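Architecture and fold: a report
Spelled out, the chains give:
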Amino acid sequence: MEFYKPSKIEPKWQKIWSKKEIYKAQDFSSKPKFIMLTEFPYPSGDGLHMGHIREYTLGDIYARYIRMNGYNVLFPMGYDAFGLPAENYAIKQHISPQQSTSKNISNFKKQFEKLGFSFDQSREINTSDPKYYKWTQWLFLQFFKKGLAYQEDTLINWCPFCKTGLSNEEVINGRHERCDTLVTKKKLKQWVLKITDYAEKLLTGLKTVDYPKNIADQQINWIGKSEGALIDFEIKNSNQKLTIFTTAHDTIFGVTFMVLAPEHPLIAKITKDEQIASVRSYQKMAESKSDLDRQDDNNPKTGVFTGAYAINPLNGSHIPIWISDYVLMNYGTGAIMSVPGNDLRDYQFAKKYELPIIYTSKENEFVSYQDQIKKDPTKYIMAHSEEFSGLTFKEGRKRILKLIEDKKIGKKQIQYRLRDWIFSRQRYWGEPIPIIHCPDHGAVPVPENELPVLLPKIDDYLPSDDGLSPLSKVEQFVNTTCPICNKPSKRETNTMPNWAGSSWYYLRYFDPNNDQQFASKDKLKYWGKVDFYLGGMEHTTLHLLYSRFWHNFLYDIGLVPFQEPYAKRRGQGIILATDGTKMSKSKGNVVNPIDIIDQGYGADGLHLAIAFLAPYDQTTPWSPESVVGAYRFLDRVYRLFQKTKLDFSLKELDFDLEYQINYVIKTVTEDIEGLNFNTALSSLMEYTNKLYKLSTQPLNKDQWQRALETLIQLLAPFSPFLSEELWSGLSRKGSIHLSAWPKYRAEYLIKSSNLIVIQVNGKLRSKIEVSSNISDQQLKEIVRNDPRIKSIIGNSKISRFIIVKNRLVNIVI
RNA sequence: GGGCGAGUGGCGGAACUGGUAUACGCGACGGACUUAAAAUCCGUUGGUCCAAAAACCUUGAGGGUUCGAGUCCCUCCUCGCCCACCA
């Protein structure tokens, strides 16, 4: 008898699958197409980690399932090789990013092979390959030509450790999401992509795709649409005007002071002489504060009076103008009207500086506007608002807006929290931005036939504190001529962020070797939308949002046939360390998945353990024992196939076995469709246990054969190696992974009898087995005569008799 | 402060649309096989009480709706993730 040894089975099939290219996707196949996309990794020096394995295992299971259902499946893989992590790793290893990247990629490939994922290897891409980034540069130029890529001299988020600017999305709690360094501010000239132009489309597009609520909500919150009004306030004894943005224009009678952000340009023009000194010193103080300090809402409010007054356009009252850093320059107009009766921050500020408070709701005490509206908008009754007092907020809102518009002192305004995307990085390892700066013509795009602008190989690629890219030191690279006038000009030396290459990579899989276009029209049309995109929740407001933006733009300029790139998105949960905390090198609690394979559990054992661990989208701790259970199950399946001395004397079909076969097909199929991989596996385990018990009894040979085939076919997506091995042992032709997914027959799922639960007053008292076609009358009779039930009921009167067909009886006494 | 989600055995987790709570797996305990161990196989395994049968209790806490609630409603507690002085 042979023992189950993954190390003897798995390498053999890796080679065969690879040689026969069984997972190759066909362009223009007549079969229905399906794109299963998982996020491609950046090839780090540590190799694949548990998070990768979970993502690709789940994607692989689904891809294999869909493939067996007769689809032309595209399940691609590539490498997101440009960017900070790769470069920081190279610096640490004292080798060039080119070297480290190619070394790491070959390690990743080896590991992927060992893991046995069903990728179409022929379509592999690498974002740092000039043949690839030529098209990233080309796409950037399309943004430039449409005015959606522009340069701005602005205060940006700066990571002092990585020595580069960052986008808004890359700053998490005031820290750089990659290295956790506190972010500071730096004034730099930057390339910016105008993602804000797509705020509305990115919102409405969400209604056309299948995303889980939490992902859609996160994007909606990030885009942060709010509807309100811009209102102009005249300034007393001045010809200046102060424009504010508010979402609560109906509280305008409660305004008792105005607040400007410390950076507001109007401050210099309106501050009274006697206040200049204190205003200047406050501005200085605010400037030196880090983002994190400034954002802490537990901080006591601080501020300073400018000496100037604004005039309330509706009642003419004079309102002092203050400065405070709780107002942000980069949202709205950088100025607010303060209504301390309804806004907590304004209230705190008013209390501290003893400013008057007017309550504009009938409660006549502090009530948060947001809370009030949310609780019951009809109960919010306005007060202290002249002729509007007594109205509901909804009505007051409408009328005051109309009044403001009629008087031409303001207008309706839609405001988004989304900021434009800071797109340049002062680092070496990225796509050079294909722009030439000409003294006469300004920023000029590199002509298309000169793409790609190659990243020069240089020795000194370390970043510097001055905000200049390492490329600026390379004279052969920098010095060039203007494509328009031929005058000596300088190349742009900033590079693109690592999110550039990944913003369109899925499209390249359709046509990875095309050197005329990023992908041909025909292939874009054939493959269409990504049917299923699985990835990390942490990319919701980064990669996922960015790539939706790019794709929407490409659609608008007619380069892709669909508006949204991903028809269905799901996010997998995180696998924590055994102690329930995040796996991290510094804590030393990292589990290396490849070790698990090498310990003898095999790739199949690893896949199975991960799929069985918990629902795919749940964050859950890793347990080393889960692999033991997975391995034991596979071993049991293996031994089931080793049984040689079976008694096949049975001529008739075993109806119960027939039921089991059809039932397991049904449940496993439905569970995979619903991505309930853990319960699919528990069904397969139960089924296996039943077969194992049956194997000691007389059997019908054909039926038994079918039972075994069903088992390994249903198991194939989860454990590709073992199922292929056992399939070949049944001397079936071809790969099990190209075989047709089993179909159940409903007629075998009809039970002749059912177990009926009998309750008295809702409490379980007895169970009986009765025929499926029993009438309610008959059932009542049987239940009444059940000795246990009889004794419980005794002389009590039965007031109700509830029957749930084929399931339950409840007697109420 | 805002958004989303979750609390079920010793542990990971099941439970379809309100209808047998604790499936499946791990661990533990007992037994078989073995000189022994591993592996495997067969049992037991939410709690209280108990010789046993039965009974009673149990899905974070409390209340409600219902013949019947882990599931629906209300109040509260705890935890996780994301965002956060966004006017």
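Rules behind the numbers
- Counting starts from 1 at the beginning of each chain's written sequence and moves along it residue by residue.
- Chains and ligands are labelled sequentially in the order written, the chains with letters from A and the ligands with numbers from 1.
- Side-chain atom pairs in this predicted model are given and counted only at pLDDT of 80 or more, local residue features only at pLDDT of at least 70, and totals for whole chains, interfaces and linings cover all residues.
- Only heavy atoms go into the side-chain values, all of them from the structure, while hydrogens and water stay out.
- Strands are treated as partners if at least two bridges between them are detected by DSSP.
- Every helix listed is a DSSP run of H or I at least four residues long, and every strand listed is a run of E at least two residues long, numbered separately from the N terminus.
- For this analysis, residues touch if any pair of their heavy atoms sits within 4.5 Å.
- For helices, the axis comes from a line fit to the C-alpha atoms of the stretch in contact; other axes are also lines fit to C-alpha atoms, and the angle between any two N-to-C directions lies between 0 and 180 degrees.
- Predictor confidence is given residue by residue as pLDDT, running from a minimum of 0 to a maximum of 100.
- Categorising residues by exposure relies on relative accessible area from a 1.4 Å probe, with only protein chains included: less than 20% of the type maximum marks a residue as buried, more than 50% marks it as exposed, and the intermediate range marks it as partly exposed.
- Salt bridge, as applied in this entry: a Lys or Arg side-chain nitrogen positioned within 4 Å of an Asp or Glu carboxyl oxygen.
- Residues enter a nonpolar core if they are buried and are Ala, Val, Leu, Ile, Met, Phe, Trp, Tyr or Cys, with the set joined through side-chain atoms within 4.5 Å.
- Space inside and on the surface of the protein is sampled on a 1 Å grid over the protein atoms alone, with a cavity defined as a set of points where a 1.4 Å probe fits but cannot get out and a pocket as an open set with protein on both sides within 12 Å along at least 5 of 7 lines; lining residues have an atom within 4 Å of a point.
- Grid points are joined across faces, edges and corners, and a volume is the space filled by probe spheres set on the points.
- Any residue outside Ala, Val, Leu, Ile, Met, Phe, Trp, Tyr, Cys, Pro, Asp, Glu, Lys and Arg is labelled polar, Gly included; the first ten of those are nonpolar and the last four are charged.

**Some thoughts on the sheet that holds strand β17 (residues 421–422)**
- With respect to topology, four strands assemble into an open sheet ordered β6-β5-β9-β17, the strand pairing being antiparallel. Only two strands of the sheet have a single neighbouring strand rather than two, namely β6 (164–166) and β17.
- Note that strand β5 (residues 149–159) and β6 share three bridges and pair antiparallel. Among the inter-strand pairings, tryptophan 158 is bridged to a residue of β6, identified as glycine 165.
- Running at roughly 90° to strand β9 (residues 184–193), helix α5 (residues 130–145) makes contact with β5 and β9 of the sheet.

**Considering the confidence of the model for chain A**
- Counting all residues, the mean pLDDT for chain A is 93, and 98% of those residues have values of 70 or more.
- Of the two predicted TM-score estimates for the complex, the pTM is 0.95 and the ipTM is 0.95.

**So, the environment of glycine 51**
- As for its placement among the helices and strands, glycine 51 is situated in helix α2 (residues 50–68).
- Exposure remark for glycine 51: the relative accessible area of 29% places this residue in the partly exposed category.
- It is 6.5 Å that separates the C-alpha atoms of glycine 51 and isoleucine 575, two residues lying 524 residues apart in sequence.

**Section: the pattern of salt bridges**
- A complete count under the given rule lists 35 salt bridges for this structure.
- One salt bridge in this structure joins arginine 123 and aspartate 27, with 3.0 Å as the shortest N-O distance. Here the residue arginine 123 occupies a position in the loop between α4 (97–115) and β4 (125–126), and aspartate 27 occupies one in the loop between α1 (6–20) and β1 (33–38), the gap between them amounting to 96 residues.
- Overall, arginine 123 belongs to the buried group, its relative accessible area being 5%.
- Assessed through its relative accessible area of 27%, aspartate 27 is described here as partly exposed.
- Close ionic contact of glutamate 39 with arginine 569 constitutes a salt bridge, the shortest N to O distance being 2.9 Å. Taken together, the residues span a long stretch of sequence, with glutamate 39 in the loop between β1 and α2 and arginine 569 in strand β23 (residues 569–572) at a distance of 530 residues. In this pair, the class of glutamate 39 matches that of arginine 569, namely buried.
- One salt-bridge network, held together by shared partners, links Asp27, Asp120, Arg123, Asp511 and Lys523.

**Some thoughts on unusual backbone geometry**
- The omega angle of the peptide bond from leucine 451 to proline 452 is 0°, so this bond is cis rather than trans.
- Structurally, the position occupied by proline 452 is in the loop between β19 (442–445) and α14 (475–478).
- Although it is not a glycine, phenylalanine 28 sits at a positive phi angle of roughly 60°.
- The phi angle at lysine 408 is positive, at roughly 55°, despite the residue not being glycine.
- Mapping lysine 408 onto the fold places it in the loop between α13 (393–406) and β16 (410–415).

**Focus: the pairing of strand β21 (residues 488–491)**
- Where strand β18 (residues 435–438) meets β21, two bridges bridge the pair, whose relative direction is antiparallel. For isoleucine 436, the partnering residue across the bridge sits in β21 and is arginine 491.
- For strand β20 (residues 479–481) and β21, the ladder comprises three bridges, and the chain directions are antiparallel. Counted as the bridge partner of asparagine 479 is lysine 490 from β21.
- Remark: six residues form the turn of the hairpin made by β20 and β21, two consecutive strands paired antiparallel; asparagine 486 in that turn has positive phi of roughly 70°.

**What to know about the sheet that holds strand β22 (residues 532–536)**
- Reading across from one edge, β2-β1-β22-β23 is the order of the four strands in this open sheet, with parallel pairing throughout. At either margin of the open sheet sits one strand with a lone partner, and together these are β2 (72–74) and β23. On average, each strand axis in the sheet is inclined to that of its neighbour by 20°, with strand direction left out of account.
- Pairing between β1 and β2: three bridges, direction parallel. What sits directly across from isoleucine 35, in β2, is leucine 74.
- Relative to the sheet, α2 contacts β1, β2, β22 and β23, its axis offset from that of β1 by approximately 170°.

**Quick word on the nonpolar core**
- If you look at the biggest cluster of nonpolar residues, it comprises 165 residues, and the most contacted ones within it are Tyr62, Phe140, Phe518, Trp622, Leu684 and Phe718.
- Once you skip the residues sitting within four places of it in the chain, phenylalanine 718 turns out to touch Ile61, Asp604, His607, Leu608, Ala611, Ile672, Phe677, Ala680, Leu681 and Leu684.
- Of all hydrophobic cores here, the second largest spans 48 residues; its members include Ala310, Ala335, Met337 and Ala350.

**A few points about empty space enclosed by the protein**
- Under the defined criterion, the tally for this structure stands at four cavities of 30 Å³ or more.
- Space inside the largest cavity adds up to approximately 80 Å³.
- What lines the largest cavity is Gly83, Leu84, Glu87, Glu170, Arg425, Arg427, Trp429, Gly430, Thr495, Met496, Pro497 and Asn498.
- Counted by class, the lining of the largest cavity contains four nonpolar, four polar and four charged residues.
- In this structure, the second largest cavity occupies an estimated 60 Å³ of space.
- Every residue lining the second largest cavity is listed: Ile756, Val770, Ile774, Ser775, Asp776, Leu779, Ile803, Val804, Lys805 and Asn806.
- Where the lining of the second largest cavity is concerned, the elements lending two or more residues are α24 (776–785) and β28 (800–804).
- Split into classes, the residues belonging to the lining of the second largest cavity amount to six nonpolar, two polar and two charged.

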